[in-house]
Amino acid sequence: MSAVKQIKIQEHYDTIADVYDHHYDQHRGRSYHKHISTHIMNGLPQGGKLLDIGCGTGLFVNRYIEAGGTAIGLDISRKMIEQARRRCTTCDFTIGIGEKIPFCDNSFDAVSSLLVFSYVKDPDAMMSEAFRVLKPGGSIAICTLGKKLLTRGIPAIYQIGEKINVKHVVMKNFGEHYYDEAEMDTLFTNAGFSDIQINWCSFAHIDMIDPLFLLAQKIEPFVEKRVPQLAYNICVSGKKPRQ
């Protein structure tokens, strides 16, 4: 990740750390994040030691430890880490980026990343680092915005939001890259992962008004199973071979 982009992301999340949980841990946001977390949990071993890359305020770390595991969170923002430490007082959190993970080889049973991968400047480096720190037989699961018709206009929205100085959790132009199935499969395969599973999730968007959100939520299972081209988050999991 370039130094300029890294500073921009860090400063943004330091600025919105105090309102982040209002977006993802209340009302529609809580439901939305729980839905994504369930998809990620399904791709990881339960009860293991987790590294969550881009942990934010510790929402997924908290979910994982409540299911019986232990976890360490990694994030670029000091302010987000401070919020995470308040949420999960028994967990460790450290500042860093996925392209250069500050942990030893074969340290974790699981690696996760929720809604962060589109920001990563060097995805091959992050995948290589995740592979390195996973124990043989360990699993990784990533959820990020996919390359779909519905997501093509998002960068323009972010650029407008930045120009008018909107204080919003995600309304910032970081030059994100959205991925399709072939790109994600190639990244996982090149890093050495096997048993790669790809699915699409999320049709009910967090920023929908309540009546529309509730309707979308009701038909979300049908969309994800039967019409995945209308879902906008891509979830990918894989395993580090034991040998």
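See the structure printed just above.
Residues numbered from 1 in each chain as written. Predicted model: local features only at pLDDT ≥ 70, side-chain atom pairs only at ≥ 80, totals over all residues. Heavy atoms only, no water.

(A) Inspection of helix α7 (residues 181-191) at higher detail. Looking only at α7, the buried set comprises M184, L187, F188 and A191. Across the axial projection of α7, the buried residues extend over an arc of 90 degrees, all falling on one side. Pointing more than 90 degrees away from the buried face of α7 are the exposed residues A182 and N190. Next to the buried residues of α7 lie α5 (123-133), β5 (134-145), β6 (194-201) and β7 (233-239). The distance from a side-chain oxygen at the start of α7 to the backbone nitrogen of A182 is 3.2 Å, and the residue carrying that oxygen is D180. One or two residues past the end of α7 sits G192, with phi positive at roughly 110 degrees. (Buried < 20%, exposed > 50% of the residue type's maximum accessible area, 1.4 Å probe, protein only. Helix = DSSP H or I, 4+ residues; strand = E, 2+ residues; numbered from the N terminus. Arc of directions from axis to C-beta. Contact = heavy atoms within 4.5 Å. Polar contact = N/O pair within 3.5 Å; in protein donor to acceptor, adjacent residues only side chain to side chain.)

(B) Layout of unusual backbone geometry. Phi angles above zero are rare outside glycine, and N106 is one such case at about 55 degrees. Residue placement: N106 occurs in the loop between β3 (92-95) and β4 (108-114). Located in the positive-phi region is S202, a residue other than glycine, with phi close to 85 degrees. Note that S202 resides in the loop between β6 and α8 (210-226).

(C) Representation of empty space enclosed by the protein. Here the structure, examined in full by the defined rule, presents 1 cavity of 30 Å³ or more. If you trace the largest cavity, you find it lined by S31, Y32, H35, A204, F213, Q217 and E220. The set of elements that each furnish at least two residues to the lining of the largest cavity consists of α2 (27-41) and α8. Broken down by class, the residue content of the lining of the largest cavity amounts to 3 nonpolar, 3 polar and 1 charged. (1 Å grid on protein atoms, 1.4 Å probe; cavity = no way out; pocket = protein on both sides within 12 Å on 5 of 7 lines; lining within 4 Å. Points joined across faces, edges and corners; volume = space filled by probe spheres on them. Nonpolar A, V, L, I, M, F, W, Y, C, P; charged D, E, K, R; others polar.)

(D) Representation of the layout of surface pockets within the structure. By volume, the second largest pocket is sized at about 190 Å³. In terms of lining residues, the second largest pocket is bounded by Y24, D25, R30, H33, K34, S37, L59, N62, R63, E66 and R87. Mapped onto the lining of the second largest pocket, the elements with two or more residues apiece are α2 and α3 (59-66). Residues of the lining of the second largest pocket, tallied by class, amount to 2 nonpolar, 3 polar and 6 charged.

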